[in-house]
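Structural overview
Residue strings, one per chain:
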Amino acid sequence: MNITEKILARASGREKVSPDDVIFANVDKVMMHDVSGPGVIKVFDKLKKQGINVDKLWDPTKVWVAEDHFVPSPDKVSAENIVKLSNFTKNYGIEKHFKYGMGQYGICHTLSHEEALVLPGEVYVGGDSHTNTTGALGSFACGLGHTDVAYVLLNGKIWFKVPHALYFKLNGKLPEHVMAKDFILKIIGDISTEGGAYKTMQFGGSGINEMSVESRLTLCNMTTEAGAKNGIVEPDQKVVDYLTSRGASNISLVHGDDDAEYEKIYEYESSELEPVVAKPFSPENIVVVREAPSVELDKSYIGSCTGAKYEDLVAAATILKGRTVKIRTEILPASISIYKRAMENGLLKIFLDAGVTVGPPTCGACCGAHMGVLAKDEICISTTNRNFPGRMGHIDSQTYLSSPLVAAASAVTGKITDPRDLK
Amino acid sequence: MKGNVIKYERDNIDTDVIIPGQYLKVHDYAELALHAMEGLDPDFHSKVKEGDFILSGRNFGCGSSREHAPIALSHSGIKAVLALSFARIFYRNAVDGAFLLPIEIDFDAYSNISDGDELDIDIKTNEIKNLTKNKVYQMKPFSDIIGKIIESGGLFKYKPD
C-alpha cells in the first residue's frame, strides 16, 4: 500500500484497502472557518428541525476553527458570521478558535502547520478545498463541504472512496530561481485541472527530499487545482523537526510499503524547470515567464495559503531589497506568527521601503471578497492559487498565478518578469 | 423527473462563477439563489424555472469546497446537473446534502441535447428521454454508495451497512 492507503486502512480499521474501496474513516482532526462554519451551523439548524440530536460534538478537542475569509469584517453580514461562529465554539466547548485580533490567527491551512495542529499519519478534513495543503506533513488531508463537516463533527467519521494514486518524482534540487510553486504549476499545466480528479497526488524523489516543509506545503496546496482528493509527501526528519519546534510531541510516521502501487508515475528533472505563470483564466494555462505576454500589470499580490508562508516572504524580500515597486503591491503574511517573524527579521522594513502595503492575514483578496479586489480590466500577478473569471474581483479582471519571486520581480518592473532578468 | 435544459457548452464551470466569492458570507439559501451562475450568465436567475436541469461539459463545479454552489443551484429550482464529468467536492456536496443530482453523461448525449430540450430522467433505469427530440440516452449509473445516499435522501439519513 502507498502512504495514503496505509493511513486510510488504519483509519477504517482494515488491514488493507485498495483504490475504489468505499470506507468510513475515523477522523483525527477537523477544521472549519468563517465561511464553512456558518454553513455548518445552518446544517445543524436543519438537523434540529428534523429531530436529529445535535447537542454534543463527537470530540470538541479534535476540532479547530479559523477566522480567515472575511476578516477584518468588511460589512455587517461578515461581522455577524464571526459572532455566530464564536457562539458556536463557546456552546460546543471548542477551545481551539483562532480569533482575529487576539494573538495568533491566520489562514486556516497556514495555522494547520504553523500551530502543528495536524500530525503525520492523521486523517484531517476541513471545510475548505485547500485542506489538501497539510498532506505535506505526511497526513491524509482532504477538503469537504458543510454537510460533510457537520457529519464529522457529530459522528467522528466520514466516507471516502480510496483514491488511485499519481506519483510525481522530482530528480535533483530546484534551481535558485525556481520555486515549488513553479513546479506545481508546471504539473497542472501538464496534467490539466482535471488530471488529478478524485486521485492522490504524491510527491517524492531527491528534489522533494531537498525541499523545505514549506515548499512541500505549496505543492500539496495546489493539488486541489488539479482536482485531487489529497496531496501527500512521505514524512521525514524535516517534518518531525518542523512540528517539534512548534510544540508537537508523540509524532509517529506512517510510510508507504516498498511495493506500493501507483496508477502512473511522472518524472521531472529540476534542472529543466523554469519560472512559469498560469495565464487567465485557468491554473492549467502555463507558459514560461520569458514567453509570457507583455502586459501592463496593475497589481502584484503576495498573499494566501499558497504564497505567503515565511519562505515566500523571504523570497519576495530578496527581490525587493533596495528596489522600488512600480505597481500597486500588497503583501499579506498568511498568519500572525509569520508576520511577527517577518518583522523580527527585517522583512517588513524591506517591503515598506520598497513601497509595498503590508496587510493583516486574510483570504479576502484571493477569493475576490474584500481587502483589495480588482476593478474591471485590471491585471494582477498573484502568488495565490486560482485565476478563474472574476476570482479576484471584477469578472473582466485578469490574474496571472506565479511564485513569490516572479510576483516580486514583476512588481518592480510592472511587467511579468523572470527574476533572473531583473537588473 | 421531467424538466427543461439550460445548456452551457463549455468545460470547467467553476464554483467562482456558480456563486462568486463575495457571496460566501451569505448563508440565506433564497438569497444565494438570486446570485446563482452570476459569474457566467447574469440572466440565469430570470430564466431558470423550478425543475430545470443544467447541461455542461467536463469538470463541472471545479474549484472551491463552498456548499453554496449546489445550494444556490438547488434553490434556483435546478433538480439535476448533467455533465461529462464533475469535480469531486461539488459532486459529494450535491449528493451528501441532497441538493441536486449530479448525472454523468457521455459525449453523444451532451452533443445531442440542446438548450431548452425537455428531458425525462429515470435514475432507476438510468435512462434519459429527450421528449423534444424523441431520443433516449443512458446516464452513467451511480456507484453503490452514491446510489444509496441519494435513495436515503442525503448522508444524514443514510445508514451504513
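Residues numbered from 1 in each chain as written. Chains lettered and ligands numbered in written order. Predicted model: local features only at pLDDT ≥ 70, side-chain atom pairs only at ≥ 80, totals over all residues.

As a further point, take the interface of chain A and chain B. Counting residues at the interface gives 40 residues for chain A, matched by 32 residues for chain B. Elements supplying a minimum of two residues to the side of chain A that touches chain B: β1 (22-26), α2 (36-49), α3 (76-91) and α5 (146-155) of chain A. Here the side of chain A that touches chain B is built from residues that sort into 18 nonpolar, 15 polar and seven charged. (Contact = placed C-beta atoms within 7 Å. Helix = DSSP H or I, 4+ residues; strand = E, 2+ residues; numbered from the N terminus. Nonpolar A, V, L, I, M, F, W, Y, C, P; charged D, E, K, R; others polar.)

All names here are of chain B. Sheet topology note: the strand β6 (residues 127-130)/strand β7 (residues 135-138) ladder contains four bridges and is antiparallel. By the bridge assignment for β7, Ile-128 is matched with Tyr-137. Counted along the chain from β6 to the antiparallel partner β7, the turn is four residues long, and its residue Asn-134 has a positive phi close to 55°. (Pairing = 2+ DSSP bridges.)

Here we take up the environment of A:Glu67. All names here are of chain A. Mapped onto the secondary structure, Glu-67 falls in the loop between β3 (63-66) and α3. Since 28 C-beta atoms lie within 10 Å of it, Glu-67 is described here as buried. Glu-67 sits 264 residues away from Ile-331 along the chain, and the two C-alpha atoms are 19 Å apart. Setting aside residues no more than four positions away along its own chain, Glu-67 makes contact with His-33, Asp-34, Ile-82, Phe-98, Lys-99, Tyr-100 and Tyr-105. (Buried ≥ 20, exposed ≤ 12 C-beta atoms within 10 Å, placed from the backbone.)

Residues and elements named next belong to chain A. Here chain A is partitioned into domain 1 (3-268) and domain 2 (276-421). Just the C-alpha atoms count here: the centres of domain 1 and domain 2 sit 24 Å apart. Each partner contributes residues to the interface: domain 1 has 35 residues there, and domain 2 has 35 residues. For the side of domain 1 that touches domain 2, the secondary structure elements donating two or more residues are α4 (108-114), α6 (180-191) and α8 (213-221). (Domains from an automatic or database assignment.)

Residues and elements named next belong to chain A. Given a rise of 1.5 Å per residue, 12 residues ought to cover 16 Å, and the 17 Å separating the end C-alpha atoms of α6 matches this to within 8%. Within α6, 10 of the 12 residues are buried, which leaves it mostly tucked inside the rest of the structure. For α6, the full list of buried residues reads Ala-180, Lys-181, Asp-182, Phe-183, Ile-184, Leu-185, Lys-186, Ile-187, Ile-188 and Ile-191. Summarising the contacts, the buried residues of α6 are in contact with β8 (165-171), α8, β12 (276-278), β13 (286-288), α10 (304-307) and β18 (398-401). At the exit of α6 stands Ser-192, carrying a positive phi of roughly 80°. (Expected span 1.5 Å × (residues − 1).)

This part is about the sheet that holds β3(A). Residue and element names in this part refer to chain A. Spatially, five strands are ordered β4-β3-β2-β5-β6 in an open sheet, and the strand pairing comes out parallel. Sheet topology places β4 (96-98) and β6 (140-143) at the edges, where each strand pairs with a single neighbour. Neighbouring strand axes in the sheet, compared pairwise and without regard to direction, differ in orientation by 15° on average. Across three bridges, strand β2 (residues 29-33) lies against strand β5 (residues 123-126) in parallel orientation. The residue bridging Met-31 from the neighbouring strand is Gly-126, located in β5. On the sheet, α2 packs against β2 and β3 and is oriented at approximately 100° with respect to β2. (Axes fitted to C-alpha atoms, helices over the stretch in contact; angles between N-to-C directions.)

It is worth spelling out unusual backbone geometry at this point. Looking along the chain, the bond that leaves A:Val71 and enters A:Pro72 is cis, with omega of -15°. Between A:Pro280 and the following residue, A:Phe281, the backbone shows a cis peptide bond with an omega angle of 5°. Turning to its location among the elements, A:Phe281 is positioned in the loop between β12 and β13. Positive phi values are uncommon outside glycine, yet B:Asn59 reaches one of about 60°. For B:Asn59, the position within the fold is in the loop between β2 (53-56) and α4 (68-74). At B:Ala98, a residue that is not glycine, the phi angle is positive and equals roughly 55°. The class for B:Ala98 is partly exposed, based on 19 C-beta atoms found within 10 Å.

Attention now goes to the packing of helix α11 (residues 310-320) of chain A against helix α14 (residues 404-413) of chain A. Geometrically, a packed helix pair is captured by the angle between its two axes and the distance between the axes. Residue and element names in this part refer to chain A. Packing of α11 against α14 brings their axes to within 8 Å, and their N-to-C directions diverge by 30°. Classified by the angle between their axes, α11 and α14 sit roughly parallel to one another. Like other packed secondary-structure pairs, α11 and α14 cross with a definite hand, here right-handed. Across the interface between the two elements, Asp-312, Ala-315, Ala-316, Ile-319 and Leu-320 from α11 touch Pro-404, Leu-405, Ala-408, Ala-409 and Val-412 from α14. For the contact of α11 with α14, a count of residues per class yields nine nonpolar, no polar and one charged. (Parallel < 35°, antiparallel > 145°, perpendicular 65-115°, else oblique. Left-handed = near helix turned anticlockwise from the far one by under 90°.)

To continue, consider the nonpolar core. In this structure, A:Val125, A:Ala408 and B:Val81 are the most contacted members of the largest nonpolar core, which totals 182 residues. Inspection of this core shows a minimum of three residues originating in each of domain 1 (3-268) and domain 2 (276-421) of chain A. (Core = buried A, V, L, I, M, F, W, Y, C linked by C-beta atoms within 7 Å.)

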